[in-house]
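The primary structure of each chain is shown beneath.
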There are 2 protein chains.
Amino acid sequence: MSVTIRDVAHASGVHVSTVSRTFSAPHLVNAETRTRVLAVAEELDYRPNRAARSLKTGRTNNVGLIVPDLANPFFSSLIKAAQAAARRQDYHLFVADTGESPSEEEELILAFSKQVDGIVLCSPRLSNKALEKLSESVSFVLVNRLIRGLTTVVMDVAHGARVAMEHLAELGHRRVALVTGPAGSWTSGEIRRAVAEVSGLDVVVIGPNPPTEEGGVAAAAGIVEAGVTGVLAYNDLVAIGLIEGLEALGVGVPGDVSVIGFDDSTTGRLYRPKLTTVAMPASAAGRMAVDLLVQSMSAATVLETHLVVRDSTAPPRGSA
Amino acid sequence: MSVTIRDVAHASGVHVSTVSRTFSAPHLVNAETRTRVLAVAEELDYRPNRAARSLKTGRTNNVGLIVPDLANPFFSSLIKAAQAAARRQDYHLFVADTGESPSEEEELILAFSKQVDGIVLCSPRLSNKALEKLSESVSFVLVNRLIRGLTTVVMDVAHGARVAMEHLAELGHRRVALVTGPAGSWTSGEIRRAVAEVSGLDVVVIGPNPPTEEGGVAAAAGIVEAGVTGVLAYNDLVAIGLIEGLEALGVGVPGDVSVIGFDDSTTGRLYRPKLTTVAMPASAAGRMAVDLLVQSMSAATVLETHLVVRDSTAPPRGSA
DNA sequence: CGGAAGACTGCAATCAGTTGCAGTAAACAA
DNA sequence: TTGTTTACTGCAACTGATTGCAGTCTTCCG
């Protein structure tokens, strides 16, 4: 079959344990022996069998990454950064998406748990209780979900939401809407809470909505009905869907209604009108989550967000 | 530590081999014994250790997926479909991106090879020779690359390119440009070859270019210089970058120049002007590639492409 | 010069399953 | 009744690497 540690041992005239040590504890073997073994290993193109190693050590050098939707560009950048971080430390990355389903999320966690050293769980839809339970059998890093006692990386969406609202207020808007995301989403709740605390604005909450373009399109009618002049949407996809929906109803953006998204995704950056949006540090989050997992550190990390003003917001019609 | 086959065996009064068989060869064990063992396993929450299993059997139930760029929306849909297909058959999916680098591609293949039953290799940048060599040590399915003897899933980009060119010709364009992709790309070569065979059109080839928005922006000046009225771009991202670049130079799309992309990505579908593009069956390709791997079948599959006409193409200025 | 510490290296058990082979008991055929 | 087949089930070797323990050989100190 393939070349094993025994082949290398035999070919270099040492015991298998010495070969093993030259790889996993080089300081324990004589420099001369080590170079010889390495040379032979190189020549035979030896690569340690990870299954065998992890059987003995209990560690796999794999991490799992679970997101609600692999095709969402926000998660794509997160995955890209997570993969790069994993690879830098000789880890491999499993990915899967839950399709926004809590039960599928749980099954995936269980399925991964025996095969990884930890799981990065992004925007989970499971309840706190369920997650705490599951965290007993596999170590987690949560992204954009805060549970006391669990390691987390969250983005300061509350701050982003406040700044977005202030931006609308400064432009002269008085009556605005918040188009929320899915029911189980922590970020959606945070945004909602933060918005409720902003004074001087009349806020209509519309939701929950699926976090997709379709969700945005569907919410457009409600926006018109509510008679608002500004909207903060759950993410860029929803914001874009909303704009499409509004324009189909004869409402112009930003002429009649201003729209702000969340994420600062490429899709939103390229869209016309170019989206005003709250930038979310997806890459940083992916990188940090993996690093925390691999170094098995526990911490609660908060990453900053900031508003990027582009062309989808303007003063309300008829203002100075 | 965690519950093993031995615990289950002990708790249900049978030998470990019987427990093993109830999972991997149920027909070999008495129905009564089987239900008892299953009940005990369920109660103890036993899950087979995949590392141990794959050490003995040589199979891992994992597949790898390597793409040039995880953040490219075309690959996102492919990954999503591949993951779903893998999961349906109790396989897990490793992902990684090469950042368009051939050497990184090779290292990833080698790194994955011991840990997967096969690799789906999308738009590889390595040479045929290198890939043939590597295919001796791990089984592949190539996506959008054709090498005799290797299992492949390719999209009929030549057909797509021809139809796109015919579309431009029908609109009245006579002098057009082809903005190609990266040097090692099979699809880019196919498109180029197909375009060369179309008669009645003056074609300027511009490239190679990085397959990104930036690549498109950078190519804009060359388009203006070439004095063409129509462009076929390597993918939607390049097409969009091109439009951005052209407009920055005061050239309107589709007013002055018509632009066609490739992929039919969400980003392109939402962009304004809405992109005319050649639809690529990314999801189908992801699904099929994984199915071929898991069933360890070898085949050369060709998937159809088709043109989606939207708003980025129009008759050339001054035509009837 | 004796003894101890230090530096390697080898031995063999171990990780959690899988599987060829053999053994047992019941069913069946001759 | 004996021989054979069938249906399970158990035994034990095996997968490829890791690691505690023990043994050997130097080196160094008093």
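The structure we're discussing is the one just above.
Please read all numbers here as calculations on a predicted model, not as lab measurements.

Caption draft 1: Expanded view of the sheet that holds strand β7 (residues 202–206) of chain A. Residue and element names in this part refer to chain A. Reading across from one edge, β7-β6-β8-β9-β10-β12 is the order of the six strands in this open sheet, with mixed pairing throughout. Two strands close off the open sheet at either side, each with one partner strand: β7 and β12 (306–308). Strand-to-strand twist of the sheet, defined as the mean angle between neighbouring strand axes without regard to direction, takes the value 20°. Relative to strand β9 (residues 258–263), strand β8 (residues 230–233) runs parallel, the two being bridged by three bridges. By the bridge assignment for β9, valine 231 is matched with valine 259. Helix α11 (residues 236–248) rests against β6 (175–179), β8, β9 and β10 (276–279) of the sheet, and its axis sits at about 155° to β9.

Caption draft 2: Summary view of unusual backbone geometry. Residue and element names in this part refer to chain A. Note the cis peptide between arginine 272 and proline 273, where omega equals -5°. Within the element layout of this structure, proline 273 appears in the loop between α12 (266–270) and β10. The backbone of asparagine 144 sits at a positive phi, close to 55°, despite the residue not being glycine. Along the polypeptide, asparagine 144 turns up in the loop between β4 (140–143) and β5 (152–155).

Caption draft 3: Structural detail: the protein's contact with DNA strand D. Surrounding DNA strand D, one finds 26 residues, the nearest of these being A:Thr4, A:Ile5, A:Ser17, A:Asn49 and A:Ala52. At the level of elements, α2 (16–24) and α4 (50–57) of chain A together with α2 (16–24) and α4 (50–57) of chain B are the ones that each hand at least two residues to the surface near DNA strand D. For the surface near DNA strand D, the element with the most residues is α2(A), which contributes six residues. Of the residues belonging to the surface near DNA strand D, the class tally is eleven nonpolar, eleven polar and four charged.

Caption draft 4: Expanded view of the relation of the copies chain B and chain A. Expressed as a screw operation, the relation of chain B to chain A combines 0.2 Å of axial shift with a rotation of 180°, fitting to an RMSD of 0.2 Å. Those values place the two copies in the arrangement expected of a two-fold rotation axis. A share of 100% of interface residues in chain B that are also interface residues in chain A marks the association as one of identical surfaces.

Caption draft 5: Representation of the interface of chain B and chain A in the model. Facing 31 residues of chain B, the contacting portion of chain A comprises 31 residues. Looking at the side of chain B that touches chain A, the elements with two or more residues in it are α4, α5 (73–88), β2 (92–97) and α12 (266–270) of chain B. Looking at the side of chain B that touches chain A, the element that brings in the most residues is α5(B), giving seven residues. Of the residues contributing to the side of chain B that touches chain A, the split by class is 14 nonpolar, ten polar and seven charged.

What counts as what
Residues numbered from 1 in each chain as written. Chains lettered and ligands numbered in written order. Predicted model: local features only at pLDDT ≥ 70, side-chain atom pairs only at ≥ 80, totals over all residues. Pairing = 2+ DSSP bridges. Helix = DSSP H or I, 4+ residues; strand = E, 2+ residues; numbered from the N terminus. Axes fitted to C-alpha atoms, helices over the stretch in contact; angles between N-to-C directions. Contact = placed C-beta atoms within 7 Å. Near = placed C-beta within 6 Å. Nonpolar A, V, L, I, M, F, W, Y, C, P; charged D, E, K, R; others polar. Least-squares fit on C-alpha atoms with pLDDT ≥ 70 in both.

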